[in-house]
Amino acid sequence: MDTDRPLVKLRGVRKSFGAALVLTGIDLDVRRGEVVVVIGPSGSGKSTLCRCINRLETADEGVIEIDGKALPREGKELARLRADVGMVFQSFNLFAHKTVRENVMLGPVRVRGLSREEARERADRLLARVGVGDHGDKFPAQLSGGQQQRVAIARALAMEPEVLLFDEPTSALDPEMIHEVLDVMTGLAAEGMTMIVVTHEMGFAREAADRVVFMADGGIAETAAPETFFADPKTARAQEFLARVLSH
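Residues numbered from 1 in each chain as written. Predicted model: local features only at pLDDT ≥ 70, side-chain atom pairs only at ≥ 80, totals over all residues. Heavy atoms only, no water.

- In the annotation of an unreviewed UniProt entry, the protein is listed under the name Amino acid ABC transporter ATP-binding protein and assigned to Amycolatopsis samaneae.
- The UniProt entry for the protein carries the following comment under Subcellular location (unreviewed entry): "Cell membrane".
- Here the protein is described in UniProt, under the heading Sequence similarities (unreviewed entry), as follows: "Belongs to the ABC transporter superfamily." (UniProt positions renumbered as here; feature names shortened; annotations may be inferred.)

Here it is as structure tokens:
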């Protein structure tokens, strides 16, 4: 394993939707075990960046590599890569007609080739780890939003990914449920999981991030350790953003 090589590497990544240039040429390295929190105003390209990294969106230009390998275009190679890049969405995206346990078992059986017994054992272990171990036989609609999002995290972890992407994982939740999800994420960060987290939760960024990436107008305007970024942002855009979000 090349410890000097970044686990996730982006060079010159650009993305447009029609006439709107959403990513203007992103360069970013994320090392194994690093927690990178991406913040910035709405419309700055944060979610699009996340979706390009696991190819839910295809970049128009540039290179994205996971552990030294360029993102494949399609087919089995892409499915394999998606298995290595876990994603947790804003809207949970659980299968409503399957139980919580079945939701977590599905990927390991279909993509990783685990037996149903192995997958069940892994699912139960991970559901317990995220604090919903007694809900395996329920359906997603029987759970609160915070519980559903923790199931979604367990589902992503069940694939034993190299890196986990979180796209605003708490923005659809009621305030009292946000902390239960952030607590799970903070625990994963402490255990050394490589994470790229798009979020509005500045407390999480301060506490769990190794590095804060501030995006504005489709580009990375600033990147720094959290203590440096929050105490002394260098760009006017970052200063304005922090003044606005931290005053609420």
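## A word on the UniProt feature "domain: ABC transporter" (unreviewed entry) in the protein
- Per the UniProt record, the feature "domain: ABC transporter" (unreviewed entry) sits at residues 8-242.
- Counting secondary structure, residues 8-242 comes out at 40% helix and 26% strand; the distance between its end C-alpha atoms is 27 Å. (Helix = DSSP H or I, 4+ residues; strand = E, 2+ residues; numbered from the N terminus.)

## Description of helix α2 (residues 75-84)
- Residues of α2 that are buried: Leu78, Leu81 and Ala83.
- Its buried side turned inward, α2 meets β4 (61-66) and β6 (85-88). (Buried < 20%, exposed > 50% of the residue type's maximum accessible area, 1.4 Å probe, protein only. Contact = heavy atoms within 4.5 Å.)

## Structural notes on unusual backbone geometry
- Despite not being glycine, Glu160 has its phi angle at roughly 50°, a positive value.
- Structurally, Glu160 is set in the loop between α5 (145-158) and β7 (163-167).
- Located in the positive-phi region is Glu168, a residue other than glycine, with phi close to 50°.
- Tracing the chain through its elements places Glu168 in the loop between β7 and α6 (175-190).

## Regarding the sheet that holds strand β9 (residues 211-216)
- Taken together, the six strands give an open sheet; going across it, the order is β6-β7-β8-β3-β9-β10, and neighbouring strands pair in mixed fashion. Only two strands of the sheet have a single partner each, and these edge strands are β6 and β10 (219-224). This sheet shows a mean twist of 20° between the axes of neighbouring strands, independent of strand direction.
- Bridging between β9 and β10 involves five bridges; their strand directions are antiparallel. (Pairing = 2+ DSSP bridges. Axes fitted to C-alpha atoms, helices over the stretch in contact; angles between N-to-C directions.)

## So, the packing of α5 against α6
- Running from amino to carboxyl end, α5 crosses α6 at an angle of 20°, the nearest separation of the two axes being 8 Å. Taken together, the axes of α5 and α6 are roughly parallel relative to one another. As for how α5 packs across α6, the hand of that crossing is right-handed. Residues Gly145, Gly146, Gln147, Gln149, Arg150, Ile153 and Leu157 of α5 touch α6, and the partners they reach there are Met177, Glu180, Val181, Val184, Met185 and Leu188.
- A class-by-class count of the residues in the contact of α5 with α6 yields seven nonpolar, four polar and two charged. (Parallel < 35°, antiparallel > 145°, perpendicular 65-115°, else oblique. Left-handed = near helix turned anticlockwise from the far one by under 90°. Nonpolar A, V, L, I, M, F, W, Y, C, P; charged D, E, K, R; others polar.)

## Digging into the environment of Val8
- Counting through the fold element by element, Val8 comes out in strand β1 (residues 8-17).
- Distance from Val8 to Gln149, taken between C-alpha atoms, is 24 Å for residues 141 residues apart in sequence.
- Once you skip the residues sitting within four places of it in the chain, Val8 turns out to touch Leu28, Asp29, Val30, Ile53, Glu65, Ile66, Val163 and Ile196.

## As for the environment of Glu74
- Along the chain, the position of Glu74 falls in the loop between β5 (69-70) and α2.
- Once the C-alpha coordinates of Glu74 and Arg55 are considered, the two residues, 19 residues apart in sequence, prove to be 9.1 Å apart.

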